[in-house]
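# A closer look at the structure
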Amino acid sequence: MVVGAGLAGVRSIEALRAQGYAGRITLIGQERHRPYDRPPLSKAVLLGETDSTVVDSDLDALDVRLCLGTAAKGLRDGVVETTEGEVDYDGLVIATGATPIRLRGEGRQHVLRTIDDAIALRERLVSGARVAVIGGGWIGAEVATAAARAGCAVTVIEAGETPLAAALGPDVGGRTIPWYAEAGVELRLGAIVGTVDPGGVTLMSGARVEADVVVTGVGVRPAVEWLKGSGVELDDGVLVDEHLKTTLPGVVAVGDCANWWSRRFRRRLRVEHWDTALGAPDTAAATLLGEEAVYDPVPYFWSEQFGRMVQFAGHPSGGRQGPAVRPLWRGDPRTDAKWTVCWLTREDRLTALLTVDRPRDVVQGRRIIEGGRRLDLVKLADPAVSLRDC
Ligand code: FAD
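Residues numbered from 1 in each chain as written. Predicted model: local features only at pLDDT ≥ 70, side-chain atom pairs only at ≥ 80, totals over all residues. Heavy atoms only, no water.

## Regarding the packing of aromatic side chains
Describing an aromatic ring pair means giving the distance of the ring centres and the angle of the ring planes. What counts, and what does not: Classification of ring pairs rests on two measures: the distance between centres of Phe, Tyr or Trp rings, Trp counted by its six-membered ring, which must be within 6.5 Å, and the angle between planes, read as stacked under 30 degrees, edge-to-face over 60 and tilted in between. Starting at the N terminus, helices and strands are each numbered in turn, a helix being any DSSP run of H or I of at least four residues and a strand any DSSP run of E of at least two. Throughout, exposure labels follow a simple rule: accessible area from a 1.4 Å probe, protein chains only, divided by the maximum for the residue type, with under 20% read as buried, over 50% as exposed, and the rest as partly exposed.
Overall, the coordinates contain eight aromatic pairs when judged by the stated rule. Here the aromatic rings of Trp179 and Trp339 are separated by 6.5 Å at their centres, their planes lie at 45 degrees, and the arrangement is tilted. Placement of the pair is Trp179 in helix H6 (residues 177-182) and Trp339 in strand S24 (residues 339-345), with a sequence separation of 160 residues. Given a relative accessible area of 5%, Trp179 falls into the buried group. Take Trp339: its relative accessible area is 1%, and that puts it in the buried class. Aromatic rings pair up to connect Trp179, Trp329 and Trp339 into one cluster.

What follows is the structure, encoded as C-alpha cells:
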C-alpha cells in the first residue's frame, strides 16, 4: 500500500512494478485530484500558462486501486485507518509530503501547496492588486515573480537580513536583492510578521503593510501527524535509515516527509525537492522487496525567479570531506547576469554549488560532488573554464 498520492507515491508504484512486484497495490490520497506535479504551481499555473500538471504516469496500466479523497488517520498492526475505513497491508510506503505553515491572525492568507491553492491565488493576482508575500525563500520569490508579472504591487516581507538567508546564507542570498527592485517588487528585510489581519499584515514592530492579497510562504512541516503512536519513529518527518526503512518492519518512507541517513554527507537529510521525490522510490521499492539498496544522492533543486533559472546541488555540510569553509564565485553577481557560487571544503573539494543561468555548471558540479575530487581553484574562479576541466 502507498499512502500519499503525490510524485513520491506514484513513483513508488512505478518502481514496485518495474522491480517485478505483481501483487495488489492500493494508493490512498487525501486530495481529490489525480497525482500531479507541484513545481509548476508557482510557475506556469500562477502565470496562467496551464491548469493541469498531472503526473505523466498510467495508473490504470500499473493496476492500482486508487482511493482519492481518502485520508490516512492512523497506523497499527498491518492496518492503515482511513477516513473511509481500514485497509490492511503487507508492505507500506509512506509518502504524505508536507503541509504549509500558516501564521496567526484573522485575515485571509493564501498558501501554495495544492493545485486548488494555486488556482485560488491566481484568480486574485490581478493588475493593481496589492500583494504581500510573507517569506523571501524559494516559494516567496516565485510568487513575487508571478504577481509582479500580473501587474500587482508586490511587497515581500522577509524576517532575515537577505532573501534565501536560511537556505544559502546572507552572503549568497544578498546577491538576489537587486532582482526584486528590477522586477518592481518592494523587499522589506528584517521584518517579522506578527499577525495577518483583514486588509493586510501587522509586523512585530507594530508597522502595517496594507494588502488586498496575503500569501504566506514561510515553509512547511512534514505531514506525519497521522503516524503518532504507530511505532514509526518521528523526528522532523519519518526517521528512515539509508535503505529508507522506518522503525516499523515492512514500512518505508520517501519524498518530503522522509528524514533519511545520508552516507555521503554523514548526517540526516530531509529534502523538500522534486528530484528526491522522483529518485528515492527506486530504493524504497527495492527495500520493500527485500533487496539491499542504499539511497545516497547529491540533492538537486531548481527555482525560476525573476526570469532567471536558479539551480542548486549538494549540501554545504560536506560529509566525509568536511564542511564547506568558503564560497568561491565564478563570475561576479554584481556585474554578470550569469554566475555560479561553489562551496568548497578545506581540501578544495566541491560540496555544493548554486548557479544562476549556468545549467552546465550545475550538471558538471553535481558529478564532481559525487566523485569527490579536488579542484584547481585558479581555473575554478574563471567562469570561462568548464567546471569539468577544473
Ligand atoms: P507531495 O507532493 O506533498 O505529495 C504528498 C501527498 O500526500 C499530497 O497529495 C497530500 O495531500 C497527501 N497526503 C498528506 N497527508 C495525507 C494523509 N494523511 N492521507 C492521505 N494522503 C495524504 N521542488 C523543486 O525541486 N523545484 C521546484 O521548482 C519546486 N517548486 C515547488 C513549488 C511549489 C508551489 C511546491 C509546493 C513545491 C515545489 N517543489 C519544488 C517541491 C516539490 O514539489 C516537492 O518536493 C514534491 O512535491 C514532494 O513530493 P511528495 O510526493 O513527497 O509530497
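## What about the site of the ligand?
This is how it is decided: Any residue with a heavy atom lying within 4 Å of a molecule or strand is counted as near it. Identification of polar contacts relies on pairs of N or O atoms within 3.5 Å, with a donor-acceptor requirement for protein atoms, meaning one able to donate a hydrogen and the other able to accept it, and with residues adjacent in sequence counted only if both atoms are side-chain atoms. Accessible surface area values rest on a Shrake-Rupley calculation with a 1.4 Å probe, where residue burial reflects the displayed protein chains alone. We call Asp, Glu, Lys and Arg charged. Ala, Val, Leu, Ile, Met, Phe, Trp, Tyr, Cys and Pro are nonpolar, and the rest, Gly among them, are polar.
The full set close to the ligand counts 34 residues, and Glu31, Arg38, Lys43, Arg113 and Asp256 are the nearest of them. Here a nitrogen atom of the ligand sits 2.8 Å away from a polar atom, N or O, in the main chain of Ala72. When the free accessible area of the ligand is taken as 1,000 Å², the share hidden by the protein chains comes to 94%. Of all the elements in the fold, those that place two or more residues in the shell around the ligand are helix H1 (7-18), strand S2 (25-29), helix H7 (274-288) and strand S21 (300-305). In terms of residue class, the shell around the ligand is built from 18 nonpolar, ten polar and six charged.

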